[in-house]
Structures are given as C-alpha cells and as structure tokens.
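# Residue-level structure breakdown
Below, each chain spelled out in residue letters.
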Amino acid sequence: MSIQPTDPPAWASLLEKIQGETGLQKAFGQHYTNDGGYLSVTFNTDKGMTVYLVTSSRTLTEADPTLAKPYADLVRPRWSKPALEVYLTNEREPDPPTKFQRLKAALDSMLDFGQHSTDSAIVCCWVIGTYLYQLFDAYPYLGILGPKGSGKTKLGQVIEEVAFNSIRTASITTAQLFRTAEVTAGTLILDEQEALESRFAKDDRLSLLRDGYKKGSTVLRSTEVSGDYKTRLFVAYGPKVIITTSGVEELLADRCIGIHLLRSNSNQGKELVTQHLEELHGVRDDLYSLALTVFLGVSQDYRDAGFSYELNNRQRERWLPLLAIANQCCPDRLEDIQAVASKDIGGNILADPFDTLFLQTLSALVDQATAELTADQIGVNMGYRVGYPRPIRSTTV
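Residue indices follow the written sequence of each chain, beginning from 1 at its first position. The predicted origin of the model limits local features to residues at a pLDDT of at least 70 and limits the giving and counting of side-chain atom pairs to 80 or more, whereas totals for whole chains, interfaces and linings rest on all residues. Here the side-chain values reflect all heavy atoms present in the structure, with hydrogen atoms and water set aside.

### Brief notes about the packing of aromatic side chains
Only rings of Phe, Tyr and Trp enter the pairing, Trp through its six-membered ring, and a pair is recorded when the two centres are within 6.5 Å. The plane angle decides the type: under 30 degrees is stacked, over 60 is edge-to-face, the rest tilted. Using the criterion set out here, one finds 13 aromatic pairs in the structure. Ring centres 5.4 Å apart and planes at 65° place the aromatic pair Tyr131 and Phe164 in the edge-to-face group. With Tyr131 in the loop between α5 (117-129) and β5 (141-145) and Phe164 in the loop between α6 (152-162) and β6 (167-169), this pair connects stretches of sequence that are 33 residues apart. By relative accessible area, which is 0% here, Tyr131 ends up buried. Judged by its relative accessible area of 0%, Phe164 is buried. Seen in terms of ring centroids, Tyr133 and Tyr237 are 5.2 Å apart; in terms of plane orientation they differ by 65°. Their pairing is edge-to-face. Note on conventions: DSSP H or I runs of at least 4 residues are helices, E runs of at least 2 residues are strands, and numbering of each starts at the N terminus. Only protein chains enter the accessibility calculation, which uses a 1.4 Å probe; a residue whose area is less than 20% of its type maximum is buried, one above 50% is exposed, and one in between is partly exposed.

Here it is, written out as structure tokens:
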C-alpha cells in the first residue's frame with residue numbers, strides 16, 4: 001500500500017512565522033549563556049541617555065532606543081567611561097581574588113562585623129552575585145538585622161553604591177516594586193521594613209517578595225493603557241536587601257541570608273559613606289568587568305552536583321550561588337562560608353519570635369545609653385516587655 005502525498009496542513013504556514021527565542025531581543029540588565037553574556041549599561045550621549053550592551057567578548061553594541069527607553073529612564077550611568085574603555089581594549093583578565101579583596105577592604109573600612117567576621121565575605125559574595133544572578137535558578141535575599149545605631153542603613157548605602165543597578169528606598173508601593181524589579185533587573189534595597197515582620201501583615205509586598213526569589217517568577221498586575229486597564233505579567237525575580245530591626249515574616253525569612261549587626265564603638269562607625277564614594281565607584285567598575293570574565297567558572301561550579309554536596313533542598317538553593325562565587329573569587333574564604341551555610345537551616349533569627357524580642361529589648365537598652373550590657377540585664381528587660389515577673393533566659397542571651 002502506497003502513501004499518497006498530501007498538501008501541507010493549514011497550520012504549516014503559520015508555524016513558519018513563529019520566531020524561536022533566538023529571534024527575539026533579550027531583556028535588558030544582564031544575560032548569560034554557555035557561549036557568552038552581556039551587561040546593559042547607560043551613558044549620556046548627544047542623543048540623551050543611551051543604553052549599550054557590553055559583552056563578555058569585549059564588544060559594545062547600542063541597544064534599540066525604543067525598546068531601551070524604560071531602562072534608560074530608570075537606570076543612571078554606573079560603569080565609568082575610562083573603566084569601560086580599559087575593559088574593551090585590555091585582553092588581560094582581571095584577577096578575581098584581587099577584585100574581591102578590594103571590595104572587602106572598602107566594606108571593612110566602614111562597618112564593624114564584630115565576631116561575625118565571615119559576614120563581611122558573605123556580603124561581598126552577595127554583591128558580586130547581583131551582577132550574575134541570572135545564572136542561578138534562585139538568588140537569596142540579604143536580610144540585614146540589628147538594633148538602631150548598628151550600621152544597618154550604612155551597609156545598605158554601601159551596597160547601593162556597588163551593587164548592580166541598585167535602588168535604595170524606605171517607602172515603595174507594590175506597583176513600584178514589581179515595575180522597578182522588571183525594568184531595571186537590578187538590586188532593590190528596602191530599608192525600615194518592620195511592616196514585613198508578621199505573616200498577618202496587610203502588605204501586598206509580602207507575596208511579591210516571596211515570589212521574586214526564584215528565576216521565572218512572575219506576578220499579574222493591571223496597568224493603565226490609554227485610559228483602559230490591561231492585565232499583564234511582570235517579572236519579579238532579582239536581588240533584594242531587606243533592612244529591619246524586628247525580623248521578617250517566616251516564609252520570607254526562609255528566602256534570606258541573615259546579616260546581624262550590633263552597635264559598635266569602633267572607628268568604622270565614624271566613617272561616612274560619602275567620604276568613600278570614589279573608592280566605592282572604583283570597586284563598582286571592577287565588578288562589571290569581573291562578572292563578564294568569571295561567569296563561566298561560577299556557572300560550572302553552580303551546576304556541579306558534587307560541589308558543596310552536603311547542602312540540600314532550600315539550604316542548598318539559598319547558599320549555592322554564593323559558594324560558587326566564593327570558589328572563583330575568594331577560595332581562601334570558601335571553607336568559612338561553607339561552615340556558616342551548614343548551620344543555616346532557614347528562617348532562624350530573621351523569623352524566630354524569641355530572637356525578635358531579644359533584638360527589640362537590645363534596641364531599647366541601647367537607647368538608654370547603658371555603659372555595659374549584661375545577660376541578666378537583657379533577660380530582665382525581655383521579661384518586662386512580655387509581662388513576665390522574672391528574667392527570660394535562653395542560650396541566645
């Protein structure tokens with residue numbers, strides 16, 4: 001029996017018109033594949049704010065002005081012209097440990113991490129990751145916690161100067177949050193976020209922040225177009241810093257790596273971020289070129305099932321990006337960071353009610369300008385805050 005040829009089905013001509021992903025312009029911000037990557041940067045030109053794509057093969061391409069306009073409207077120039085020229089014309093690869101150490105030295109000159117010295121290296125790896133987060137299936141939020149006067153906002157200011165496309169704010173609506181996250185593909189630094197403490201808080205940002213932790217996460221929102229409202233999907237994924245004195249809601253805390261700061265009388269506390277802007281902007285220049293040269297090594301470590309094999313599930317999901325970055329940029333600190341990761345079971349002090357009470361009590365005692373704080377003094381005041389007649393004791397205190 002022979003099969004007779006037939007005419008092509010009606011849908012065949014339609015299928016030919018469909019473009020695959022390779023036929024579409026990628027999103028602005030950052031994009032990486034196994035073959036290469038690029039970062040989007042803005043510069044002021046005779047045509048106004050112009051967006052360029054800087055590639056890992058050291059080329060520079062101007063983006064379509066119409067498509068790039070939303071990005072150009074929100075993202076200010078951050079990679080300096082002299083540093084970009086050096087990257088495009090110099091074939092020598094930057095030394096990752098040297099770049100990492102410069103970032104860490106700048107951070108340590110302004111902030112005292114006390115006994116949590118590894119936290120400084122963790123923050124540095126996280127900042128580098130803001131230039132690489134599209135490599136990962138998920139990217140942890142940075143939860144900065146501590147009493148008033150501990151340097152939380154200062155750390156946020158430092159991150160603002162060096163992280164990828166960063167925006168720092170203490171007040172942002174839900175609509176602004178998802179639009180900014182999608183358009184800039186950058187780092188959102190949310191200060192004074194005590195409203196995110198309880199899972200019962202009436203704050204739409206909670207659901208958005210929970211979703212924005214994983215790549216591919218989207219939110220549905222209505223936007224006004226010519227007087228009419230249309231529903232569309234917005235991309236929520238991206239690096240975020242949450243700064244608070246009282247902890248964050250449990251599910252959100254499970255997406256965070258916690259950095260805990262205490263008030264210090266060290267010399268770092270006297271340093272102003274504005275006094276270090278030139279150095280911080282030089283560090284930021286380094287991070288652009290660093291990302292475009294280490295992304296393949298970071299990606300290989302991240303995809304290696306045998307790398308940091310002792311971590312599993314959410315714990316692995318949260319820490320693996322930073323460990324892959326550490327292995328490329330500060331291998332001498334990798335073991336220390338792995339030790340912190342192995343003890344992090346999620347949520348911990350960012351969500352535990354007892355720890356929140358502890359931090360609130362500590363903040364109140366700091367406000368009283370007490371010369372010396374003892375465990376008994378903290379325990380007594382914790383008891384008073386919840387109406388107990390005797391001190392509350394815990395291994396935390």
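### Thoughts on the pattern of salt bridges
The salt bridge criterion pairs a side-chain nitrogen of Lys or Arg with a carboxyl oxygen of Asp or Glu, the two atoms within 4 Å. Across all of its chains, the model carries 14 salt bridges by this definition. Here Arg102 and Asp286 are joined by a salt bridge, their closest N and O atoms 2.8 Å apart. Highlighted residues: Arg102 in helix α4 (residues 96-108) and Asp286 in helix α10 (residues 277-303), separated in sequence by 184 residues. What makes Arg102 partly exposed here is its relative accessible area of 30%. Judged by its relative accessible area of 10%, Asp286 falls in the buried class. Ionic pairing is found between Arg303 and Asp137, a salt bridge with its closest N-O pair at 3.2 Å. Here the residue Arg303 occupies a position in helix α10, and Asp137 occupies one in the loop between α5 and β5, the gap between them amounting to 166 residues. Look at the salt bridges and you will find they share partners, linking Lys214, Asp254, Arg314, Glu317, Arg318 and Asp344 into a network.

### So, unusual backbone geometry
One non-glycine residue, Asn165, adopts positive backbone phi at about 45°. Within the element layout of this structure, Asn165 appears in the loop between α6 and β6. Owing to a relative accessible area of 4%, Asn165 belongs among the buried residues under this scheme.

### So, the sheet that holds strand β7 (residues 188-190)
At least two DSSP bridges between two strands are needed for those strands to be called paired. If you walk across this open sheet you meet the 5 strands as β6-β7-β10-β5-β11, and the pairing is parallel. The strands lining the two open edges of the sheet, one partner per strand, are β6 and β11 (256-260). Strand-to-strand, the axes of this sheet are offset by a mean angle of 15°, without reference to chain direction. As judged from the 4 bridges shared by β5 and strand β10 (residues 240-244), these two strands associate in the parallel manner. In the strand pairing of β10, Leu145 is matched with Thr244. Relative to the sheet, α6 contacts β5, β6, β7, β10 and β11, its axis offset from that of β5 by approximately 150°. For helices, the fitted axis covers only the stretch in contact; all axes are lines through C-alpha atoms, and the angles between them, taken along N-to-C directions, range from 0 to 180 degrees. Two residues form a contact once any of their heavy atoms are found within 4.5 Å.

### Some remarks on the sheet that holds strand β2 (residues 37-45)
Pairing is antiparallel across the open sheet formed by 4 strands, whose spatial order is β1-β2-β3-β4. Lying at the two open borders of the sheet, with one neighbouring strand each, are β1 (30-32) and β4 (60-62). Neighbour to neighbour, the strand axes of the sheet diverge by 30° on average, direction disregarded. With 3 bridges connecting them, β1 and β2 associate as antiparallel partners. Opposite Gln30, over in β2, you have Leu39 as the bridge partner. Relative to the sheet, helix α2 (residues 65-74) contacts β2, β3 (48-55) and β4, its axis offset from that of β3 by approximately 100°. Where α10 meets the sheet, it contacts β1, β2 and β3, and its direction lies at approximately 160° from that of β2.

### Overview of the packing of α10 against helix α11 (residues 313-329)
The geometry of α10 relative to α11 is characterised by a closest axis approach of 9 Å and an angle of 120° between their N-to-C directions. Overall, the two elements α10 and α11 adopt an arrangement that is oblique. For the element pair α10 and α11, the recorded crossing hand is right-handed. Contacts from Leu290, Gly297, Val298, Asp301 and Tyr302 in α10 reach Leu320, Pro321, Ala324, Ile325, Asn327, Gln328 and Cys329 in α11. Think of it as three bins: nonpolar holds Ala, Val, Leu, Ile, Met, Phe, Trp, Tyr, Cys and Pro, charged holds Asp, Glu, Lys and Arg, and polar takes everything else, Gly as well. Classifying every residue of the contact of α10 with α11 by side-chain character gives 8 nonpolar, 3 polar and 1 charged. Oblique is the label for any angle not covered by the other classes, which are roughly parallel (under 35 degrees), roughly antiparallel (over 145) and roughly perpendicular (65 to 115). Two helices that cross are described as forming a left-handed crossing if the nearer one is turned anticlockwise from the farther one by less than a right angle, and a right-handed crossing if clockwise.

### Let's talk about empty space enclosed by the protein
Buried and open spaces are told apart on a 1 Å grid over the protein atoms alone, a cavity being a set of points where a 1.4 Å probe fits but cannot get out and a pocket being an open set with protein on both sides within 12 Å along at least five of seven lines. Residues with an atom within 4 Å of a point are the lining residues. Grid points are joined across faces, edges and corners, and a volume is the space filled by probe spheres set on the points. Counted according to the given criterion, the structure contains 1 cavity of 30 Å³ or more. Estimates place the volume of the largest cavity at around 30 Å³. Looking at the largest cavity, the residues that line it are Ser40, Val41, Thr42, Tyr71, Val75, Arg76, Arg78, Trp79, Asn165 and Tyr288. With 3 residues, the top contributor of residues to the lining of the largest cavity is β2. Tallied by class, residues from the lining of the largest cavity come to 5 nonpolar, 3 polar and 2 charged.

### Some points on the confidence of the model for the protein chain
Here the protein chain averages 80 in pLDDT, while 71% of its residues score no lower than 70. Averaged over each element, pLDDT in the protein chain is lowest for helix α13 (residues 348-351) (52) and highest for α10 (97). Each residue carries a pLDDT score, the predictor's confidence in it, ranging from 0 to 100. This model gives residues 19-25 a pLDDT under 50, and the stretch forms 4 contacts once residues within four places in sequence are excluded. This model gives residues 384-397 a pLDDT under 50, and the stretch forms 26 contacts once residues within four places in sequence are excluded.

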